[in-house]
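Listed here are the chains, written in short residue letters.
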Amino acid sequence: MGFRCGIIGLPNVGKSTIFNALTAACAEVANYPFCTIDPNIGIVPVPDERLTKIAQIIKPPKITYTSMEFVDIAGLVKGASRGEGLGNKFLGHIREVDAIVHIVRYFEHPSVAHIYGAIDPARDIDIINTELIIVDIETLEKRISKVERLAKTGDKLARKEHDICIRIKDVLGKGTPARKIALHEDEEIIFRDLHLLTAKKVLYVANVSEADLKKGSTYIQKIDEIAKMEGAKVIVICGDMEAEIAELPMAEQKEFLNELGLQESGLQKLIREGYDLLGLITFYTTVGPELRAWTIQRGTKAAAAAGKIHSDMEKGFIKAEIIHFNDFIQLGSLSAAKESGLIRFEGKDYVVADGDIAYFRFHV
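Now for a description of the structure that goes with this document. Bear in mind the structure is a predicted one, so any value in this text is a computation, not a measurement.

Each value, and the rule that gives it
- Residues numbered from 1 in each chain as written.
- Predicted model: local features only at pLDDT ≥ 70, side-chain atom pairs only at ≥ 80, totals over all residues.
- Heavy atoms only, no water.
- Helix = DSSP H or I, 4+ residues; strand = E, 2+ residues; numbered from the N terminus.
- Expected span 1.5 Å × (residues − 1).
- Buried < 20%, exposed > 50% of the residue type's maximum accessible area, 1.4 Å probe, protein only.
- Pairing = 2+ DSSP bridges.
- Salt bridge = Lys/Arg side-chain N within 4 Å of Asp/Glu carboxyl O.

Examining helix H5 (residues 156–173)
At step 1: In a regular helix each residue adds 1.5 Å, so 18 residues correspond to 26 Å; H5 covers 26 Å between its end C-alpha atoms and thus fits that length.
At step 2: Among the residues of H5, those classed as buried are Ala158, Glu161, His162, Ile164, Cys165, Ile168 and Leu172.
At step 3: Looking one or two places after H5, you find glycine 175, whose phi comes out positive at around 90°.

Some remarks on the pairing of strand S8 (residues 280–287)
At step 1: Buried residues dominate S8, accounting for six of its eight residues.
At step 2: Where S8 lies against strand S9 (residues 290–297), eight bridges are found, and the strand directions are antiparallel. Within S9, the position partnered with threonine 282 by the bridge is threonine 295.
At step 3: Taking the residues that link successive antiparallel strands as the turn, the S8-S9 hairpin has two residues, and the phi of glycine 288 there is positive, at about 60°.
At step 4: Here S8 pairs with strand S12 (residues 356–362) via two bridges, running parallel.

Regarding the pattern of salt bridges
At step 1: Scanning all chains against the criterion turns up 20 salt bridges.
At step 2: Notably, a salt bridge pairs glutamate 141 with lysine 169, separated by 3.4 Å at the nearest N-O pair. Taken together, the residues span a long stretch of sequence, with glutamate 141 in helix H4 (residues 121–151) and lysine 169 in helix H5 at a distance of 28 residues.
At step 3: When salt bridges with common partners are traced through the structure, they connect Lys233, Glu264, Arg272, Glu273 and Asp276 into a single cluster.

This is the structure in structure tokens:
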């Protein structure tokens with residue numbers, strides 16, 4: 001699995017339309033609030049031109065792409081933190097994802113009513129962020145109450161956790177999400193254990209009309225400014241157009257995008273930015289009949305990367321045989337790579353690079 005993204009936003013912003021386009025999971029799409037009650041889940045292969053090029057050379061019987069999981073979480077509304085719109089249930093689903101894809105509505109449509117009337121991206125973002133912050137403050141208040149009793153007994157760790165929670169609560173009270181809080185390395189463990197919703201990385205997706213996708217929307221500057229202040233990223237896509245693209249055969253998809261002057265689909269753009277946001281990279285293995293892509297965190301060492309394939313490989317790690325994708329493509333085969341001496345032998349502390357083709361040797 002690459003990573004798990006929760007798709008959130010207000011009702012009627014196009015979440016399920018975009019989810020369907022990305023995953024072809026056929027979630028119900030309708031013009032009424034809370035159409036999505038239980039979260040829809042779709043797992044999609046990650047488009048990967050490098051994997052395709054490797055396959056063209058070695059012609060494996062089986063090709064396995066790495067994958068990405070999308071969770072279509074029901075629309076949040078003002079008061080969700082107090083249970084409005086079944087909000088507590090929906091907020092709970094956000095805790096289970098690695099990152100948040102926040103869909104923000106930019107399109108006007110006479111037959112799709114906006115739950116709060118006029119189109120106002122800044123207001124919509126503020127509603128969602130406020131609800132997430134309120135939940136995080138409640139989480140901190142419970143933790144503060146718990147550790148305060150221990151801190152009074154002289155427990156140093158409890159005192160430290162108490163002080164960190166107070167500091168984070170004060171920052172959240174000013175409307176700043178937890179992911180913007182600067183912490184020392186020794187405070188990170190306590191911070192991660194809090195599982196705060198606003199600590200999750202966010203990718204804003206501006207859902208625009210096809211006309212605005214071509215000419216640019218007057219609203220985009222607003223979301224750019226918000227994202228920069230939060231340390232988040234923004235991409236612009238047209239949900240309705242992505243739905244059209246998803247129904248076309250692969251060859252026709254490329255033609256369609258070329259006609260529109262676009263280099264990539266919304267899915268490709270979302271995955272690329274999502275990988276960058278979370279610091280993820282891809283490496284490849286060619287074992288037996290299977291050529292396979294794997295997703296790991298940037299900075300992962302060879303033994304841990306082997307453990308991604310199987311825990312026994314990490315425990316019994318001996319060495320890794322590595323060649324980078326660029327060298328492999330230039331030489332044209334693994335045998336040529338061996339003859340040229342470009343296949344390297346690396347130990348368990350080698351940091352796997354994006355695009356590495358690896359063969360792990362291990363003992364059982």
